[in-house]
Amino acid sequence: MLKYTIRRFAEMVFTLFIIASATFFLLAAVPGDPLADRADKLPENIRQNMYHKYGLDKPVLERYVITMRGMLQGDFGESVRMPGYDIQRLLSETLAPSARLGLQTILLGVGAGLLLGVLAAMCKGTWLDHAIVFFSVLMISVPTLVFGLLLQKYVAGELGLFPIIGWPKGKELWLGGWSYTVLPTLSGCFSYIATYSRLLKTSMLDVINQDYVLAARAKGLSEGQVVRRHILRNSFIPIITVLPMSVAFALTGSFFIEKVYAIPGFGRYFIEAVQTRDLSIVLGQTVLMAAVYVLVVFLVDILYTLVDPRIRVGGKA
Amino acid sequence: MEQAIDKRFVIIGCKDADKEAIARPTITYGQDAWRRLKKNPIAMISMAVLALMALLALLGPALCGQDFAAMEPTMKNLPPSAQHWFGTDMLGRDLFARVCIGARISLLIALVCTLVQVVVGCAYGGIMAYFGGWVDSVMMRVIEVLMSLPYLLVVIIVMLVLGNSVPSLLVALCVTSWCNTARAMRGVILQLKSAEYVMAAQALGAPARRVIMKHLLPNTIGILILNIATSIPNYIFQESTLGFLGIGLQPPDTSLGVLISLGQAAMEFYPLQLIFPAGALVLIVLAFNLLGDGLRDALDPKLRK
């Protein structure tokens, strides 16, 4: 187990290194540089100073080595577009709203989705099942964006039940200011509800027909025990395979929900930074997002063994 | 001797010798799937809706006789009328023609990207599963890196390098899209290679071509269709998101995403300008989803009667 963990950790670091390099060279391949439109009107010596300050006067490979060395020490460099900002300061100001939105969305979406999935599978063939299937197909067909806009217009605008835009600040950053978070969370969670209810239903129907469920029933276990110990545990395996993608995706920001509801999350800065080729910010955010993703995948692999005793870490039983 | 045989036996010919052969025409996999798909009313309705949308996307602008990019300053923000079926937008452009053009772009993106995804994904996944070993692990690592790069980063950079046009949008959406298909195909082929019925077919002396055509392909098609069914709506969503974020197409080109984003600007006073393009988008995606569900049921060999 320890050996496996160490190997996986080394692989994770290697993957992150590749991703950082790929990001660097992708940005370097884009024609133009972040200073071009500002510096062109300046006198020659000031321009050279500016290029020198951000190290843009050096050849690409040298900049690559400098950037990577800095990254190892946690220094991603100063933003070119927002003087005085580096990635740590930007994150400390913008990560909390994105993370809270993501957490609420995923908890509500996956929770409700799994519940509906179990209901649909247990009441297969009844009106409840048909209603759930119908609504999940409908929900999956309406883009999050359209949900967000319609909720904003009708629930917040016409009915005035919730604030139209904004996000809790200061002391209420994590807990409190709930009325602001209701609509963004709702608009984000529909797609998760639909995906997870469909997935769990299919997987449960698969498991219900297995011989070991019949065997469990034949042994005289109560219906509750059969469902909890045998059906649910086995039907969660496909769920766990897709869950890390959703979690990583939700935690690192839903760009358009942030844009619709004017939430000060970090998605907005990411798009701006890529468009202006602001390397330090892009690199920082990319590495962070990739790290979250890789870490979640790793945790899920560990989780597998807890849910499914047949899978053993390290390949040996 | 010959006489004796003649008396005791009658020659009846050998015309019944092939009675044991399968008399009914064999039904191919595709015919069977089509037969079952036809019995599914929801799938057939979705197909009709899609055909209608495709037809409108192609012929709509000619049908209503309006140009999608022509601006008429005197006809801003009109409600739907006989001349402008969906009304006009804030610059006096005919909304019906614009929605048709937008739907055309969305359908084009869905078709082209899916084709690329399937071809590249199958080839890549097949090679991974066939060779195994270090080829497999290197190719798998490539996929891992591509998948953990933020998709917006890749898309924005491709759009920056190639410019805001329809072909570059297609390239941007295709760059990383095949990874999931490749992974799924690899998994399925690895699983199928060791399945008992494949072994049984080989043991009975079936040639490789028959094993591949009759056993491997039909069984991967289920997964592939599922993959395609989920990715078509995804592409349409992605395009609309990009359009909304202002990264996608630039005027005069338009798409459903661009129209939704313009509709958002006007939704306070003219909600119809948001509802028409959003409705078209939802209708297309809903039809694709329902058709995908029907196809999956029809193509799954396990459900074959």
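Residues numbered from 1 in each chain as written. Chains lettered and ligands numbered in written order. Predicted model: local features only at pLDDT ≥ 70, side-chain atom pairs only at ≥ 80, totals over all residues. Heavy atoms only, no water.

*Asks:* Hey, could you go over the packing of helix 5 (residues 133–148) of chain B against helix 8 (residues 178–193) of chain B for me, with residue numbers and the actual values?
*Replies:* Residue and element names in this part refer to chain B. At a closest axis distance of 10 Å, the pairing of helix 5 and helix 8 adopts a crossing angle of 145 degrees. The interaxial crossing formed by helix 5 with helix 8 has left-handed handedness. Facing helix 5, whose interface residues are Asp136, Met140, Ile143, Leu146 and Met147, helix 8 presents Trp178, Cys179, Asn180, Ala182, Arg183 and Arg186. Per-class residue counts for the contact of helix 5 with helix 8 are seven nonpolar, one polar and three charged. (Axes fitted to C-alpha atoms, helices over the stretch in contact; angles between N-to-C directions. Helix = DSSP H or I, 4+ residues; strand = E, 2+ residues; numbered from the N terminus. Left-handed = near helix turned anticlockwise from the far one by under 90°. Contact = heavy atoms within 4.5 Å. Nonpolar A, V, L, I, M, F, W, Y, C, P; charged D, E, K, R; others polar.)

*Asks:* Lay out the packing of aromatic side chains with the relevant residues and their values.
*Replies:* Residues and elements named next belong to chain A. Under the counting rule described, the total for this entry stands at six aromatic pairs over all chains. Geometrically, the ring pair formed by Phe24 and Phe25 is edge-to-face, given 5.3 Å between the ring centres and 90 degrees between the ring planes. Exposure remark for Phe25: the relative accessible area of 35% places this residue in the partly exposed category. Feature note: the residues Phe24, Phe25 and Tyr64 constitute an aromatic cluster, connected by ring pairs. (Phe/Tyr/Trp six-rings, centres within 6.5 Å; stacked < 30°, edge-to-face > 60°. Buried < 20%, exposed > 50% of the residue type's maximum accessible area, 1.4 Å probe, protein only.)

*Asks:* Which residues make up the interface of chain B and chain A, and what are the values?
*Replies:* Residue-level contacts link 34 residues of chain B with 38 residues of chain A. Between chain B and chain A lies a buried interface of about 3300 Å² when both sides are counted; carbon and sulfur atoms form 79% of it. Linking chain B with chain A are one residue pair in polar contact (both at pLDDT 80 or more), by the criterion used here. If you list the elements that add at least two residues to the side of chain B that touches chain A, you get helix 5, helix 6 (151–162), helix 10 (208–245), helix 11 (256–266) and helix 12 (272–299) of chain B. Among the elements that line the side of chain B that touches chain A, the one with the most residues is helix 12 of chain B, at 10 residues. Residue classes in the side of chain B that touches chain A are distributed as 25 nonpolar, five polar and four charged. (Buried area = accessible area lost by both parts, 1.4 Å probe. Polar contact = N/O pair within 3.5 Å; in protein donor to acceptor, adjacent residues only side chain to side chain.)

*Asks:* Break down helix 6 (residues 127–141) of chain A for me, with residues and values.
*Replies:* For helix 6 of chain A, which comprises 15 residues, the first-to-last C-alpha distance of 21 Å matches the rise-based estimate of 21 Å (1.5 Å per residue) to within 8%. Along helix 6 of chain A, the positions that sit buried rather than exposed are Asp129(A), Ile132(A), Ser136(A), Val137(A), Met139(A) and Ser141(A). Where helix 6 of chain A is buried, its residues touch helix 5 (87–122), helix 7 (144–158) and helix 8 (178–208) of chain A together with helix 10 and helix 12 of chain B. (Expected span 1.5 Å × (residues − 1).)

*Asks:* Which residues make up the layout of surface pockets, and what values do they have?
*Replies:* To locate leftover empty space, one rolls a probe as large as a water molecule over the atoms. All names here are of chain A. As a volume, the second largest pocket reaches approximately 620 Å³. Lining the second largest pocket are 25 residues, with Tyr54, Leu56, Arg63, Thr67 and Leu279 positioned closest to its centre. Mapped onto the lining of the second largest pocket, the elements with two or more residues apiece are helix 1 (2–29), helix 4 (60–72) and helix 13 (279–307). Among the elements that line the lining of the second largest pocket, the one with the most residues is helix 4, at five residues. By residue class, the composition of the lining of the second largest pocket is 12 nonpolar, six polar and seven charged. Residue assignment places the lining of the second largest pocket across two domains, with domain 1 (2–72) and domain 2 (91–307) each supplying three or more. (1 Å grid on protein atoms, 1.4 Å probe; cavity = no way out; pocket = protein on both sides within 12 Å on 5 of 7 lines; lining within 4 Å. Points joined across faces, edges and corners; volume = space filled by probe spheres on them. Domains from an automatic or database assignment.)

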